[in-house]
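Read off the chains here:
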Amino acid sequence: MALIVQKYGGTSVANVEKIKNVADRVIKEYKKGRQIVVVVSAMGDATDQLVELVGKVASNPDPREVDMLLTTGEQVSIALLSMAIQAKGYQAISLTGSQVKITTDNRHNRAEIMKIDNARILTELKAGKIVVVAGFQGINTLDDFTTLGRGGSDTTAVAIAASLGAKRCELYSDVDGIYTTDPRMIAKARKLTSISYQEMLEMANLGAKVLHPRSVELAKHYQIKLYIASSFNYHPGTTVEGMDEMEKRKNVTGVTCDKNEVKITVQEVPDHPGIAGQLFNNLAKYGINVDMIIQNLQRNNKNDITFTISKEDLLKGKKYITEIAQGLGSSRVEIDPTVAKVSIIGAGMITTPGIAAKMFTALGQAQINIQMITTSDIKVSVLINEELAEQAVHVLHDCFELAGETGDWQEQAK
Ligand code: ADP
Ligand code: ASP
Ligand code: MG
């Protein structure tokens, strides 16, 4: 019997009516004779509300306790969805991450799944039930609850698909596919029929929050085809799959914008071998992930080293950064949160020269100053003033001719 794994995000289960809608959609698949595992997120902005509560009781909360709280969001939605399915006359059972035995590492708030025990899911499927699993959560080797990082339900779904040997995983959201850029920012963004794992991974890592980056990594590794579509209609969505199955496409497939970066400049560190190594090794020791890096302005045998980190890492590591910089002999640390990283992504870049030049020229013509640049085979990222981020995305979307028809998904998602 064909097995299918579906995931419904927070907006798809935001209220009782939407939960009933998901129940109908799941039952429709079940009636086709399929075995179904459904992964769900917490209702609407439930997780945001829980995070807000944390902020009201502690400024430096214990990550274990944060996970204890955040996992409750998904426990509500799985129970409600199971009851909604049962109320329509079908068998369903809800399971938490710990009941399934989704084992993760011990990194609270951003754990990685290490192993999934299929036994309970398979038993329930065999008994003819629709199995509803809580996304975003697992259990570590100490039997404590963990969470996979914001947006992590996508990863739960793909990991379960991989563990059960499914070749396809369907992820339903408020948007009916992957667009050339966030369609909330640019109404004329075009829906893609397909996108390669590599491009999707870059887009996810560079700020397109439509998919959790780890879910794409897992899908690529286990060769699971992802299908992204809306839970509010049956419009054809987007498949994420291997490069060879891709339609021939333009040099640039998408544009992303990430406002979660902070620029740090460690001023006047001695210009001798090993300094950069020490700086970044020490940052890594405190779990601070560095993204873009430049070294600039040599004067009196001193350099400035500028790098970017996420806003969360700044909160967590501000005091360490200052200590590390002072330890290296730096005169000052400058922190600038008013930056955004705007990127273009496209597998066609590998073979087409001049794409980066075209990007920089377009931004220059729009008077948008570039502060930092990073590139890979299939992406170019620039750091710019945060206030100009939307404008930059528009400029690049136009420059690489990415526009399509305006969709009606936003109306239906309300
Ligand atoms: P869910 O709660 O279903 O997981 P998310 O809010 O995590 O949904 O992701 C869907 C949102 O991702 C959309 O509402 C859209 O604004 C945003 N998004 C950002 N970039 C893109 C893109 N390139 N294509 C589609 N959606 C995007
Ligand atoms: N509920 C979690 C979050 O809001 C996980 C998810 O939605 O994927 O981040
Ligand atoms: Mg999501």
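You'll find the structure just up there.
Note that this is a predicted model, so its numbers are computed, not measured.

1. Examining the sheet that holds strand E19 (residues 372–376)
- On the basis of which strands lie adjacent, the open sheet formed by four strands has the order E13-E18-E20-E19 and antiparallel pairing. With partners counted over all chains shown, the strands left at the sheet margins are strand E13 (254–258) and E19, one partner each. Neighbour to neighbour, the strand axes of the sheet diverge by 20° on average, direction disregarded.
- Where strand E18 (residues 339–345) lies against strand E20 (residues 379–385), seven bridges are found, and the strand directions are antiparallel.

2. Comments concerning the pattern of salt bridges
- According to the stated counting rule, one finds 24 salt bridges in the structure shown.
- Close ionic contact of Arg34 with Glu29 constitutes a salt bridge, the shortest N to O distance being 2.4 Å.
- Here Lys259 ties to Glu390 by a salt bridge, and the two come within 3.2 Å at their closest N and O atoms. Here Lys259 is found in the loop between E13 and strand E14 (261–270), whereas its partner Glu390 is found in helix H12 (residues 389–399), with 131 residues between them in sequence.
- Through salt bridges with shared partners, one network takes in Asp105, Arg107, Glu112, Arg214 and Glu217.

3. Overview of the nonpolar core
- One finds Ile121, Val133, Ile160, Cys169, Met200, Leu211 and Leu226 to be the most contacted residues of the largest nonpolar core, which totals 43 residues.
- The next biggest cluster of nonpolar side chains, apart from the first, holds 24 residues, and it includes Cys257, Ala340, Val382 and Leu396.

4. Overview of the site of ligand 1
- Near ligand 1 you find 19 residues, and of these Lys7, Ser173, Tyr179, Asp182 and Arg184 are the closest.
- Contacts to ligand 1 include Lys7, whose side-chain N or O atom sits 2.9 Å from an oxygen atom.
- Measuring from an oxygen atom of ligand 1, one finds a side-chain N or O atom of Asp182 at 2.8 Å.
- Protein contacts shield 90% of the accessible area of ligand 1, which totals 570 Å² for the unbound molecule.

5. Structural notes on the environment of Gly274
- As for its placement among the helices and strands, Gly274 is situated in the loop between E14 and helix H9 (275–285).
- C-alpha separation for the pair Gly274 and Phe400, spaced 126 residues apart in sequence, amounts to 41 Å.

6. Description of the environment of Ala362
- The residue Ala362 is located in helix H11 (residues 355–365) in this model.
- Judged by relative accessible area, Ala362 falls into the buried class, the value being 10%.
- The spacing of Ala362 and Ser12 is 350 residues in sequence and 38 Å in space, taken between C-alpha atoms.
- Among all residues touching Ala362, those that are not within four sequence positions of it are Val395 and Cys399.

7. A few points about the site of ligand 2
- Inspection of the region around ligand 2 gives Ser41, Ala42, Thr47, Glu74, Phe136, Arg150, Gly151, Gly152 and Ser153 as its neighbouring residues.
- A distance of 2.7 Å separates a nitrogen atom of ligand 2 from a polar side-chain atom of Glu74.
- Contacts to ligand 2 include Arg150, whose side-chain N or O atom sits 2.6 Å from an oxygen atom.
- For ligand 2, whose unbound accessible area comes to 260 Å², protein coverage reaches 87%.
- Taken together, the residues of the shell around ligand 2 break down into two nonpolar, five polar and two charged.

8. A look at the side chain of Arg25
- Position of Arg25 relative to the elements: it lies in helix H1 (residues 16–30).
- Although Arg25 lies buried, it forms no salt bridge, and the closest oppositely charged side chain, Glu170, sits 7.1 Å away as judged by the N-O distance.
- Polar side-chain contacts of Arg25 include one of 3.2 Å to the backbone oxygen of Ser230.
- The residues touching Arg25, leaving out its near neighbours within four places in the chain, are Tyr8, Tyr172, Ser230, Ser231, Phe232, Asn233 and Tyr234.

About the criteria used
- Residues numbered from 1 in each chain as written.
- Chains lettered and ligands numbered in written order.
- Predicted model: local features only at pLDDT ≥ 70, side-chain atom pairs only at ≥ 80, totals over all residues.
- Heavy atoms only, no water.
- Pairing = 2+ DSSP bridges.
- Helix = DSSP H or I, 4+ residues; strand = E, 2+ residues; numbered from the N terminus.
- Axes fitted to C-alpha atoms, helices over the stretch in contact; angles between N-to-C directions.
- Salt bridge = Lys/Arg side-chain N within 4 Å of Asp/Glu carboxyl O.
- Core = buried A, V, L, I, M, F, W, Y, C linked by side-chain atoms within 4.5 Å.
- Buried < 20%, exposed > 50% of the residue type's maximum accessible area, 1.4 Å probe, protein only.
- Near = heavy atom within 4 Å.
- Polar contact = N/O pair within 3.5 Å; in protein donor to acceptor, adjacent residues only side chain to side chain.
- Areas by Shrake-Rupley, 256 points an atom, 1.4 Å probe, with all protein chains shown as cover.
- Contact = heavy atoms within 4.5 Å.
- Nonpolar A, V, L, I, M, F, W, Y, C, P; charged D, E, K, R; others polar.
- Lys, Arg positive; Asp, Glu negative; His and termini not counted.

Take it as geometry only, folks, not as evidence of what the structure does.
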